2 protein chains.
Amino acid sequence: MKVISVSPESPEPPPPALLVLSAEGERPERADAAANRARILSVAERLFGEKGPHAVTMADIARAAGVGQGTLYRRFPRKPDLCLALMDHQFREFQDATLRELGRMTGARTPRLDQLAWVVERFAAFAEGNLDLLREAQPALADSEAGLPESPPSRWQALTVRGLLQAAIEAGEVGAQTDVVVVADLLLAPLRAESLCFLRHTRAYALPRVIAAMTTLIRSLRV
Amino acid sequence: MKVISVSPESPEPPPPALLVLSAEGERPERADAAANRARILSVAERLFGEKGPHAVTMADIARAAGVGQGTLYRRFPRKPDLCLALMDHQFREFQDATLRELGRMTGARTPRLDQLAWVVERFAAFAEGNLDLLREAQPALADSEAGLPESPPSRWQALTVRGLLQAAIEAGEVGAQTDVVVVADLLLAPLRAESLCFLRHTRAYALPRVIAAMTTLIRSLRV
DNA sequence: GGGTTAAGTGGACTTGTGTCCGTTTATAAT
DNA sequence: ATTATAAACGGACACAAGTCCACTTAACCC
């Protein structure tokens, strides 16, 4: 989508709101707002890259982007929203590539459980590569006490794992009594930002080791 | 310690600092400090019970306990420390009871994997019963970027699961190539506060259903 | 072009966590 | 009892996230 660079502003047509969980039938942002959004994202990306997402405050971003805090918060109501938006582009590519490969594997009659192991490995690698951002993005979901929204990436991952588990059952690779929905979430739990930080930093397990153990667990589901 | 209390408090001899991760060879707290500690804990317990840990601020607690914020923070450097201290007593009892029953099961030749499933179910129930507190206590561990301390309860749970897994391997119930250490943490991942909140609130799975799925996973380890 | 209006804007303000530091006090040695 | 001193104390302060609201302006219509 041609992200605009830091200071100079390109007068392109407003990037169709790819970066935000776009609702359909809404009128597009005003031009100045779109420009601000782009500048904010670009500035945030730079600052996060320089100092790490946690060390950069929303005020820093607003200042560097030359907008007021009110403006920043209008575009991105929470810091996690901003983090999610920054990951969005990268995640889409990741998602596409994953789906493509998965299609290929299915065509090649790769066992579903192998596909599942592969997918989980991919998810782990993605999470690892975006750990700081994910960690900062996390509170977006589980903030209030009651029911809370789930980020699209998280939802998609869960759906994918469910799908593969279900397919594995239908292929007779896994016991039919398995609670697909819940087991999918259990398998993904170690990849949630907080848990992965714990495994990688507190426990200091190397990523391949974590992946190997997850694979063990998955393969052990085979009947 | 003679706690004064908000809700009536028993005038028992001071409970030797059970409530804090006590370092060994250190001189005991000054009497006034110990009294404040007790009062703070008692007040915090009441306020948390009334409004939920998240809705109670450290300032609230300091005020209600009749001490300055500086004093509060001297006793409990972080809010999570206070939460952990509040769970401490309850956790010790839980731990003792668990160990006792585990000993009984071992004596009765209960298969290690069954013990493991039972233990994990217990852990889940405990976590569920202290979710709010755990959630608030969580940041204690994973705050800074680098290596971070792990709470004693968390460590003990991990050690227990590791031990049972290892025993299961030695009993031939589980494949010997299993990475006991990492797999133990993977099995516990869904019980971390953040993950359990996600499962219970966002996904709205009933606790027994979560436990059943975890049990499935554990039993599938059987060779 | 001028008017209307919803969207956008800036920055002061609120709230909560955690820090700092000058003052006070319990404890123990004299 | 007196005094030394380390611990304890309290509350002002720093800092970050997120809210509010009076003011401005782009976009659309006549």
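Keep in mind it's a predicted model, so treat the numbers as computed, not measured.

Novice: Any details on helix α9 (residues 193-202) of chain B? Residues and values, ideally.
Specialist: The buried fraction of α9(B) amounts to seven of the 10 residues, a majority that puts the element mostly inside the structure. Within the sequence span of α9(B), burial applies to B:Ala193, B:Glu194, B:Ser195, B:Leu196, B:Cys197, B:Phe198 and B:Leu199. Against α7 (152-170), α8 (180-188) and α9 (193-202) of chain A together with α5 (112-129), α6 (131-137) and α10 (207-219) of chain B lie the buried residues of α9(B). The positive-phi residue at the C-terminal boundary of α9(B) is B:Ala204, with phi of around 60°.

Novice: Please set out the protein's contact with DNA strand C residue by residue, giving values where relevant.
Specialist: The environment of DNA strand C is formed by 23 residues, the closest being A:Asn36, A:Gly68, A:Gly70, A:Thr71 and A:Arg74. Of all DNA strand C atoms lying within 4 Å of any protein atom, the proportion belonging to sugar or phosphate reaches 68%. Residue A:Gly70 places a main-chain N or O atom 3.0 Å away from a base oxygen belonging to DNA strand C. One of the side-chain N or O atoms of B:Arg78 is found 2.9 Å from a phosphate oxygen in DNA strand C. Counting residues per element, the ones that place at least two in the surface near DNA strand C are α1 (31-51) and α3 (69-75) of chain A together with α1 (31-51) and α3 (69-75) of chain B. Of the residues forming the surface near DNA strand C, the biggest block, five residues, is contributed by α3(A). Its residues placed into classes, the surface near DNA strand C shows six nonpolar, eight polar and nine charged.

Novice: Mind laying out the protein's contact with DNA strand D, listing which residues take part and the relevant values?
Specialist: The local shell around DNA strand D holds 21 residues, among which A:Ala31, B:Arg30, B:Asn36, B:Gly70 and B:Thr71 are the closest. Those atoms of DNA strand D that come within 4 Å of the protein belong to sugar or phosphate at a rate of 67%. Between B:Thr71 and DNA strand D, the recorded distance is 2.8 Å, taken from a side-chain N or O atom to a phosphate oxygen. Between a phosphate oxygen of DNA strand D and a side-chain N or O atom of B:Arg74, the distance comes to 3.3 Å. Those elements that place two or more of their residues in the surface near DNA strand D are α1 and α3 of chain A together with α1 and α3 of chain B. Broken down by element, the residue count for the surface near DNA strand D peaks at five residues, all from α3(B). Of the residues contributing to the surface near DNA strand D, the split by class is five nonpolar, eight polar and eight charged.

Novice: Just give me the short version of the packing of α8(A) against α10(B), but keep the residues and values in it.
Specialist: Between two packed helices, both the angle of their axes relative to each other and the distance between the axes serve to describe the pair. For the pair α8(A) and α10(B), interaxial distance at closest approach is 9 Å and the crossing angle is 70°. It follows from the interaxial angle that α8(A) and α10(B) lie roughly perpendicular. Along its contact with α8(A), which presents A:Val181, A:Val182, A:Val183, A:Leu186 and A:Leu187, the element α10(B) presents B:Arg209, B:Val210, B:Ala213, B:Met214 and B:Leu217. Partitioning the contact of α8(A) with α10(B) into residue classes produces nine nonpolar, no polar and one charged.

Novice: Explain unusual backbone geometry residue by residue, including any values.
Specialist: All names here are of chain B. Phi angles above zero are rare outside glycine, and Arg 109 is one such case at about 60°. Mapped onto the elements of the fold, Arg 109 is located in the loop between α4 (79-107) and α5. Phi at Ala 204 takes a positive value of approximately 60°, unusual for a residue other than glycine. Relative to the elements of secondary structure, Ala 204 occurs in the loop between α9 and α10.

Novice: Quick one: what's the story with the relation of the copies chain B and chain A, residue by residue and with numbers?
Specialist: Superposing chain B onto chain A takes a rotation of 180° combined with a translation of 0.0 Å along the rotation axis, leaving an RMSD of 0.1 Å. Given the turn and translation reported, the copies of this chain are related as if by a two-fold rotation axis. Both copies contact each other with a shared surface, as 100% of the interface residues of chain B are interface residues in chain A too.

Novice: Any chance you could break down the confidence of the model for chain A for me, citing the residues and the numbers?
Specialist: Across chain A, the average pLDDT comes to 84, with 83% of residues at 70 or higher. Contacts from residues 1-24 of chain A, a stretch scored under 50 in pLDDT, to residues over four places away or in other chains number 28 contacts.

Novice: So what's going on with the packing of aromatic side chains? Which residues, and what values?
Specialist: In total, this model carries 12 aromatic pairs over all chains according to the counting rule given. Three or more aromatic residues link up through ring pairs in this structure, and these residues are A:Phe91, A:Phe94, A:Phe123, A:Phe126 and A:Trp156. Above the plane of the ring of B:Phe198 lies A:Arg192, whose end atom (NZ or CZ) is 3.8 Å from the centre.

Novice: Can you tell me about the packing of α4(B) against α5(B), naming the residues and giving the values?
Specialist: Residue and element names in this part refer to chain B. Two elements in contact, α4 and α5, have axes separated by 11 Å at closest approach and are oriented at 165°. By the angle class used here, α4 and α5 are roughly antiparallel. Judged by the twist between their axes, the crossing of α4 over α5 is right-handed. Only Arg 112, Gln 115, Trp 118, Val 119, Arg 122, Phe 123 and Phe 126 of α5 make contact with α4, whose side of the interface consists of Met 87, Gln 90, Phe 91, Phe 94, Ala 97, Thr 98, Glu 101, Leu 102, Met 105 and Thr 106.

Novice: Please give an account of the interface of chain B and chain A that cites residues and values.
Specialist: Contacts between the two partners involve 36 residues from chain B, matched on the other side by 36 residues from chain A. A buried area of about 3600 Å², summed over both sides, lies between chain B and chain A, and 58% of it is on carbon and sulfur atoms. The interface formed by chain B and chain A contains eight salt bridges. Residue A:Glu194 is joined to B:Arg192 by a salt bridge in which the shortest nitrogen-to-oxygen separation is 2.4 Å. Viewed at the interface, chain A and chain B are joined by 11 residue pairs in polar contact (both at pLDDT 80 or more). Looking at the side of chain B that touches chain A, the elements with two or more residues in it are α7 (152-170), α8 (180-188), α9 and α10 of chain B. Residue classes in the side of chain B that touches chain A are distributed as 18 nonpolar, seven polar and 11 charged.

Novice: Summarise the pattern of salt bridges; cite the residues concerned and give the values.
Specialist: Per the stated rule, a full pass over the model turns up 26 salt bridges over all chains. One salt bridge connects A:Asp60 with A:Arg63, and the closest N-O pair in it is separated by 3.5 Å. Placement of both A:Asp60 and A:Arg63 in helix α2 (residues 58-65) is noted, with a separation of three residues, approximately one turn of the helix. Notably, a salt bridge pairs B:Glu101 with B:Arg104, separated by 2.7 Å at the nearest N-O pair. Here B:Arg104 and B:Glu101 lie together in helix α4, a separation of three residues that amounts to about one turn. One network of salt bridges, with partners in common, ties together A:Glu150, A:Arg155, A:Asp185 and B:Arg203.

Cut-offs and rules
Residues numbered from 1 in each chain as written. Chains lettered and ligands numbered in written order. Predicted model: local features only at pLDDT ≥ 70, side-chain atom pairs only at ≥ 80, totals over all residues. Heavy atoms only, no water. Buried < 20%, exposed > 50% of the residue type's maximum accessible area, 1.4 Å probe, protein only. Helix = DSSP H or I, 4+ residues; strand = E, 2+ residues; numbered from the N terminus. Contact = heavy atoms within 4.5 Å. Near = heavy atom within 4 Å. Polar contact = N/O pair within 3.5 Å; in protein donor to acceptor, adjacent residues only side chain to side chain. Nonpolar A, V, L, I, M, F, W, Y, C, P; charged D, E, K, R; others polar. Axes fitted to C-alpha atoms, helices over the stretch in contact; angles between N-to-C directions. Parallel < 35°, antiparallel > 145°, perpendicular 65-115°, else oblique. Least-squares fit on C-alpha atoms with pLDDT ≥ 70 in both. pLDDT = per-residue confidence, 0-100. Phe/Tyr/Trp six-rings, centres within 6.5 Å; stacked < 30°, edge-to-face > 60°. Lys NZ or Arg CZ within 6 Å of the ring centre and 35° of its normal. Left-handed = near helix turned anticlockwise from the far one by under 90°. Buried area = accessible area lost by both parts, 1.4 Å probe. Salt bridge = Lys/Arg side-chain N within 4 Å of Asp/Glu carboxyl O.

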